[in-house]
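Breakdown of the fold
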Amino acid sequence: MSLSDVFNVAASALSAQSQRLNATASNMANAESAGGPNGEVYKARQVVFEVMPVGQDGQSAGVRVSRVVEDDSAPRRVYDPQHPLADSDGYVNMPNVNPIDEMVNMISASRSYQNNVEVMNTAKTLMSKLLTLGN
Amino acid sequence: MNTLDATLNFQEQALKLSGQRQEMVASNIANADTPNYQSVDLNFAEALKNVQAGTSATVALQTTAPNHLPALTASLSGTDAVVYNTAPQPSLDGNTVDMDTQRAQFAEATMHYQAAFTFLNGQIKTIMSALQG
């Protein structure tokens with residue numbers, strides 16, 4: 001356990017938060033994608049974080065994405081008989097992406113990312129100061 | 001422990017421990033969004049007292065011949081002084097990291113680190129000026 005592990009901890013958080021941001025971007029981009037590559041409607045994705053031991057003794061707690069889960073709630077039904085993917089009743093299944101949830105997620109991920117960048121910067125300043133010890 | 005060691009020892013331990021505390025706060029900030037993560041902190045005063053008293057576990061070099069030096073390194077970890085933070089605003093996912101507190105603690109740990117560094121630097125300068133006249 002030393003100050004240099006701060007870099008690993010903060011880096012793991014940066015990576016995890018950017019994956020979360022990536023999932024949010026996918027969801028927002030596909031908010032209106034009625035058809036997916038497998039013929040199914042797109043489902044909103046969320047990342048799940050878990051603690052990851054960091055450092056030689058594994059006492060520091062970094063973070064990683066343990067898995068990506070798909071939201072299994074029912075798709076949004078939109079009445080649009082002209083749509084090529086409309087069913088016999090004239091309804092189209094649209095993705096279950098909630099843009100409000102996604103925006104909140106995006107802001108939260110962005111703030112956490114900034115916090116970790118600041119942590120890393122501070123650790124960098126302290127370590128370069130330590131190199132001047134005795135001068 | 002020789003005189004030089006003894007002079008520098010206290011601030012050196014303080015420097016190490018504030019580095020360690022900084023790392024714990026960094027872990028908390030990194031895991032601010034991890035479900036069920038328990039926020040931790042170092043009781044700095046107790047950790048420093050333990051390290052000074054030599055009560056926390058120490059790591060020794062292995063000696064295989066009688067004239068090997070038993071280089072005892074003071075323990076880096078005051079792990080017996082680790083405490084859990086309580087969440088002022090409990091969250092639904094069981095996470096107890098409060099970002100405002102952690103930001104404040106991180107700034108505090110940084111100041112402690114810089115203070116220890118400055119004191120250590122001053123002591124080294126004192127010794128140097130005594131040596132050089």
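Since the model is a prediction, treat every value here as computed from it, not as a measurement.

Here the focus is the layout of surface pockets. As a volume, the largest pocket reaches approximately 420 Å³. If you list the elements that add at least two residues to the lining of the largest pocket, you get α1 (5-29), β1 (45-54) and α2 (99-130) of chain A.

All names here are of chain B. Taken over all residues, the pLDDT of chain B has a mean of 83, while the share at 70 or more is 84%. Strand β3 (residues 72-73) is the least confidently modelled element of chain B, averaging 52 in pLDDT, while helix α3 (residues 99-132) averages 92, the highest of any element. The ipTM value of the predicted complex is 0.81, and its pTM value is 0.80.

A few words now on the nonpolar core. Ranked by internal contacts, the top residues of the largest apolar core, which has 39 residues, are Val6, Phe49, Val63 and Val119 of chain A together with Leu15, Leu17 and Leu42 of chain B. When residues of this core are traced back to their parent elements, those giving at least two are α1, β1, β2 (60-70) and α2 of chain A together with α1 (3-30), β1 (40-42), α2 (44-53) and α3 of chain B. If one sorts the elements of this core by residue count, α1 of chain B sits on top with eight residues. Leu15 of chain B has contacts with Leu130 of chain A together with Tyr113, Ala116, Phe117 and Leu120 of chain B, leaving out every residue within four places of it along the chain.

Here the focus is the interface of chain A and chain B. Taken residue by residue, the interface counts 31 residues in chain A and 28 residues in chain B. Interface area, chain A with chain B, both sides summed: about 2,500 Å², of which 63% is carbon and sulfur. Note that Glu118 of chain A and Arg103 of chain B form a salt bridge whose closest N and O atoms lie 3.0 Å from each other. Summed over the shared surface of chain A and chain B, the result is 10 residue pairs in polar contact (both at pLDDT 80 or more). Among the elements of the structure, α1, β1, β2 and α2 of chain A are those that each provide at least two residues to the side of chain A that touches chain B. When residues of the side of chain A that touches chain B are assigned to their parent elements, the largest contribution, 10 residues, is made by α2 of chain A.

Between α2 of chain A and α1 of chain B, the shortest axis-to-axis distance is 10 Å and the interhelical angle comes to 165°. Regarding the angle of α2 of chain A to α1 of chain B, the classification is roughly antiparallel. The element α2 of chain A and its partner α1 of chain B pack so that their crossing is left-handed. Residues Asn115, Asn116, Val119, Thr122, Leu126 and Leu130 of chain A of α2 of chain A form the contact with α1 of chain B, whose own contacting residues are Leu15, Gln22, Ala26, Ile29 and Ala30 of chain B.

What follows concerns the packing of aromatic side chains. Residue and element names in this part refer to chain A. A full pass over the atoms with the stated rule returns one aromatic pair over all chains. Both rings, one in Tyr79 and one in Tyr91, keep their centres 5.3 Å apart while their planes meet at 65°; by these two values the pair is edge-to-face. Linking Tyr79 in strand β3 (residues 76-79) with Tyr91 in strand β4 (residues 91-94), this pair joins segments that are 12 residues apart in sequence. Given the relative accessible area of 54%, Tyr79 is considered exposed. Accessibility expressed as a relative area gives 33% for Tyr91, which makes it partly exposed.

To continue, consider a nonpolar patch on the surface. Residue and element names in this part refer to chain A. Side chains of Leu21, Met28, Met103, Met106 and Ile107 sit close together on the surface and give an oily, nonpolar patch of about 380 Å² of accessible area. Of all elements in the fold, only α1 and α2 reach the threshold of two or more residues within the nonpolar patch. The element contributing the most residues to the nonpolar patch is α2, with three residues. Mapped onto the elements, Met103 comes out in helix α2.

Calculation notes
- Residues numbered from 1 in each chain as written.
- Chains lettered and ligands numbered in written order.
- Predicted model: local features only at pLDDT ≥ 70, side-chain atom pairs only at ≥ 80, totals over all residues.
- Heavy atoms only, no water.
- 1 Å grid on protein atoms, 1.4 Å probe; cavity = no way out; pocket = protein on both sides within 12 Å on 5 of 7 lines; lining within 4 Å.
- Points joined across faces, edges and corners; volume = space filled by probe spheres on them.
- Helix = DSSP H or I, 4+ residues; strand = E, 2+ residues; numbered from the N terminus.
- pLDDT = per-residue confidence, 0-100.
- Core = buried A, V, L, I, M, F, W, Y, C linked by side-chain atoms within 4.5 Å.
- Buried < 20%, exposed > 50% of the residue type's maximum accessible area, 1.4 Å probe, protein only.
- Contact = heavy atoms within 4.5 Å.
- Buried area = accessible area lost by both parts, 1.4 Å probe.
- Salt bridge = Lys/Arg side-chain N within 4 Å of Asp/Glu carboxyl O.
- Polar contact = N/O pair within 3.5 Å; in protein donor to acceptor, adjacent residues only side chain to side chain.
- Axes fitted to C-alpha atoms, helices over the stretch in contact; angles between N-to-C directions.
- Parallel < 35°, antiparallel > 145°, perpendicular 65-115°, else oblique.
- Left-handed = near helix turned anticlockwise from the far one by under 90°.
- Phe/Tyr/Trp six-rings, centres within 6.5 Å; stacked < 30°, edge-to-face > 60°.
- Patch = residues over 30% accessible without salt bridge, like charges linked within 9 Å, V, L, I, M, F, W, Y side chains within 5 Å.
- Areas by Shrake-Rupley, 256 points an atom, 1.4 Å probe, with all protein chains shown as cover.

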